[in-house]
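In case you want the letters, here they are:
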Amino acid sequence: MNASATPKFAKVLLISMMVVAAAACSKKVKETPPPPAEPTTTQPVTEQPTTPGAYTPESLDTDACLRQRVVYFDFDQDALRPEFQAAMACHAKYLRDRPSARMSLEGNTDERGSREYNLGLGERRGNAVSSALQANGGSGSQITVVSYGEERPTCNDSNEDCWAKNRRVEIVYTAK
Amino acid sequence: MTRTLRRLAALVLLFIPLAVLAQEPPQIDVIGGQAAALPIAVVPFAGSAGETDIAKVVAADLDRSGQFRTLPQTDMVERPTTSAEVSYPTWRTLRQDYLLIGRVIPDGAQLRVEYELFDVAKQTRVLGEAKIAPAAAARDVAHQIADAVYEKVLGVRGAFWTRIAYVTASGTGNNRHYELMVADSDGFNAQSVVSSPQPLLSPSWSPDGKRLAYVSFDRGNSSIYIQNLSSSGRELIASFRGINGAPAFSPDGSKLAMTLSRSGNPEVYVMDLGSKQLRQITNHFGIDTEPVWSADGSTIYFTSDRGGRPQIYQASAGGGGATRLTFQGSYNARATVSADGKKIATAQGNGNAYRIALMDRALGNRWTTLSPGNLDESPSFAPNASMLLYAAKEGGRSVLYTVSADGRARLRLNVGGANVQEPAWGPYRQKR
């Protein structure tokens, strides 16, 4: 990384943070739920991916929205909860900004019920996140869904707190 | 009357506190139905079979079945080892219906085990046999004797001389370790078959007991392998995009049913293992998985949530429409089906409790709950359908239980491993 590149990065960073902040603000102020996807689907972004405001690999570590890589689900459900719409929008934007980026969506369930059925349920959750990303303009060719069912819990107790943490899709960037 | 008693026993079973079940060492947990179990005295055999106490292995098998109730050795006022020493009045006084005695005679590297079974009321010997086996196979001989007694008295083939497969999981995070294990039906002689840092699940026996199909995540995604138990060779069977799961050998061993989501949605397929050709059995946007074959190979049972929540359905193994079979319980999955097709056991969910439940189609689809836990899963019938294996969660770890098909006797299997899960009861073994 050379010296001249640094201010550019800082600028990009600043802008992307402002975009996120603006989105967050508008959500709080307005009574009606605003569609968070809109600001990221404006034409300048899609037509000129290298314009200021486009995500860079560094954004994955610095951008508050992009750092949100886990989507949680209700029991036996694969419907995306509204609170994850903003994350869907920014990750979809990242995929658009970075056509070479690839992600794996790892679907997981809690321990209840049969392991093989849970493989199916984990995949459904992965597919739900994949669909949401594509609805926000991400390309299906950049996304792979893998289901681990109940085999990869992050929490091992048998109670609702734990189960809620395990019912999730993890967004893993395999190429940034 | 007996049935009422059994149902009562099943009810009582539900209220056994979990703490009792968690006690070490595992005890046979005979619930309520003592009166209906047949009293039998299994007298210590004369001679020695090395580490193996043959009478003890036989007695444990018979007790575990729930069909027999063995006399404690401390109550044996006489210990005959030959028919000449048998005094029927003694055993009648002790209220025993049957008496089993035997002798172990070392014969070089071999063992000669002779046993005799007596009907106390009729005062006759009903069974007598000599078995010759390598000394290392003493436990096999004991299980075979238990099978012979079981069949002679009940008229049903015994399934003690069988093997079970299961998965152990230990460690946490990046140090997680999985092993696919094979052991005797009582949990002894456990041997590792496959070892992996990635999850293993869903072992399925070939009908000849020589191969195990299973699911591994060692390629990142789920894939299906077949492991040869004698040659240690393994073959990758399915590694399509999406889920590759729930393998099940057809009764003739020539085909493997499985779940694939390569079309974008989990569907049941049947693969011809010779040609590797796939035939799609189900076609529905719901999750269709966990195929199980009927004994004649004509029908496939499977789990589907096409009606909203998972329930058991059946379809022709040639494809075509599916019929829903289970209507009690909000969740029924992972079916195991008796050879005669009359009994179907599932992991049944009601609210937050998942228990093993058995539906008897010969009795108007009557359900019996067989397990008392909250996270019981993976039921697997013994080949004679008199008992089931299942996995339960106790004190934060998974353990295996056997339970008699009438729910009367339940025993935690004494197998090593931090977490023991995914049990599959193997087929009858071939005589050597």
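Quick notes on the overall build of chain B
- Counting secondary structure elements, chain B contains five helices and 30 strands.
- Compactness check: chain B gives a C-alpha radius of gyration of 22 Å against a globular reference of 22 Å for 432 residues, within 12% of the reference.
- Dimensions of chain B, computed from the C-alpha atoms along their principal axes, are close to 70 × 50 × 40 Å.
- Considering chain B as a whole, with its 432 residues, one finds that 50% of them fall into the buried category.

Quick word on the interface of chain A and chain B
- Counting residues at the interface gives 17 residues for chain A, matched by 29 residues for chain B.
- Within the residue set of the side of chain A that touches chain B, elements represented by two or more residues are α5 (115–135) and β3 (143–149) of chain A.
- Among the elements that line the side of chain A that touches chain B, the one with the most residues is α5 of chain A, at seven residues.
- Residue composition of the side of chain A that touches chain B, grouped by class: four nonpolar, six polar and seven charged.

What to know about α5 of chain A
Residue and element names in this part refer to chain A.
- The end-to-end C-alpha distance of α5 is 30 Å, a good match for the 30 Å that 21 residues give at a rise of 1.5 Å each.
- Of all 21 residues that make up α5, 18 are buried, and the element is covered over most of its length.
- Positioned one or two residues after α5, Gly137 has a phi angle of 100°, which is positive.

Section: unusual backbone geometry
Residue and element names in this part refer to chain B.
- If you check the backbone angles, Gln123 has positive phi at about 55° while not being a glycine.
- In this structure Gln123 comes out as exposed when scored by C-beta crowding, with 12 C-beta atoms within 10 Å.
- You will see that Ser232, though not glycine, has its phi angle at about 65°, which is positive.
- Relative to the elements of secondary structure, Ser232 occurs in the loop between β12 (221–228) and β13 (234–238).

Some remarks on the nonpolar core
- Membership of the largest hydrophobic core comes to 123 residues, with the highest contact counts inside it found for Ile54, Val58, Leu100, Ile300 and Leu388 of chain B.
- The biggest single contributor to this core is helix α5 (residues 138–154) of chain B, with nine residues.
- Shared between two domains, this core takes at least three residues from each, and those domains are domain 1 (37–154) and domain 2 (163–428) of chain B.
- Not counting residues within four places of it along the chain, the set of residues in contact with Ile54 of chain B comprises Phe45, Ala49, Gly102, Val104, Val113, Ala138, Val141 and Ala142 of chain B.
- Among the nonpolar cores identified, the runner-up in size contains 26 residues, and Tyr55, Ala101, Val129 and Val145 of chain A belong to it.

Brief notes about the pairing of strand β5 (residues 110–119) of chain B
Residues and elements named next belong to chain B.
- Bridge analysis of strand β4 (residues 98–107) against β5 gives ten bridges, and the strand direction is antiparallel. Among the inter-strand pairings, Asp107 is bridged to a residue of β5, identified as Gln110.
- Counting the residues between successive antiparallel strands, the hairpin from β4 to β5 contains two residues, one of them, Gly108, with a positive phi of roughly 65°.
- As paired elements, β5 and strand β6 (residues 124–134) share ten bridges and run antiparallel to each other. Within β6, the position partnered with Tyr115 by the bridge is Glu129.
- Following β5, the chain reverses through four residues before pairing antiparallel with β6; Gln123 in that reversal takes a positive phi of roughly 55°.

So, the domain arrangement of chain B
Residues and elements named next belong to chain B.
- In terms of domains, chain B is made up of domain 1 (37–154) and domain 2 (163–428).
- Using only C-alpha atoms to locate each centre, domain 1 and domain 2 end up separated by 34 Å.
- For the side of domain 1 that touches domain 2, the leading source of residues is helix α3 (residues 54–65), giving five residues.

Section: the sheet that holds strand β8 (residues 177–184) of chain B
Residue and element names in this part refer to chain B.
- Spatially, β9-β8-β7-β30 is the arrangement adopted by the four strands of the open sheet, whose pairing is antiparallel. The open sheet is flanked by β9 (191–196) and β30 (419–428), the only strands paired with a single partner. Strand-to-strand twist in this sheet, taken as the mean axis angle between neighbours without regard to direction, amounts to 20°.
- Bridging between strand β7 (residues 162–170) and β8 involves eight bridges; their strand directions are antiparallel. Bridged to Ala169 within β8 is Tyr178.

Cut-offs used in this document
- Residues numbered from 1 in each chain as written.
- Chains lettered and ligands numbered in written order.
- Predicted model: local features only at pLDDT ≥ 70, side-chain atom pairs only at ≥ 80, totals over all residues.
- Helix = DSSP H or I, 4+ residues; strand = E, 2+ residues; numbered from the N terminus.
- Rg over C-alpha atoms; globule rule 2.2 N^0.38 Å.
- Buried ≥ 20, exposed ≤ 12 C-beta atoms within 10 Å, placed from the backbone.
- Contact = placed C-beta atoms within 7 Å.
- Nonpolar A, V, L, I, M, F, W, Y, C, P; charged D, E, K, R; others polar.
- Expected span 1.5 Å × (residues − 1).
- Core = buried A, V, L, I, M, F, W, Y, C linked by C-beta atoms within 7 Å.
- Domains from an automatic or database assignment.
- Pairing = 2+ DSSP bridges.
- Axes fitted to C-alpha atoms, helices over the stretch in contact; angles between N-to-C directions.

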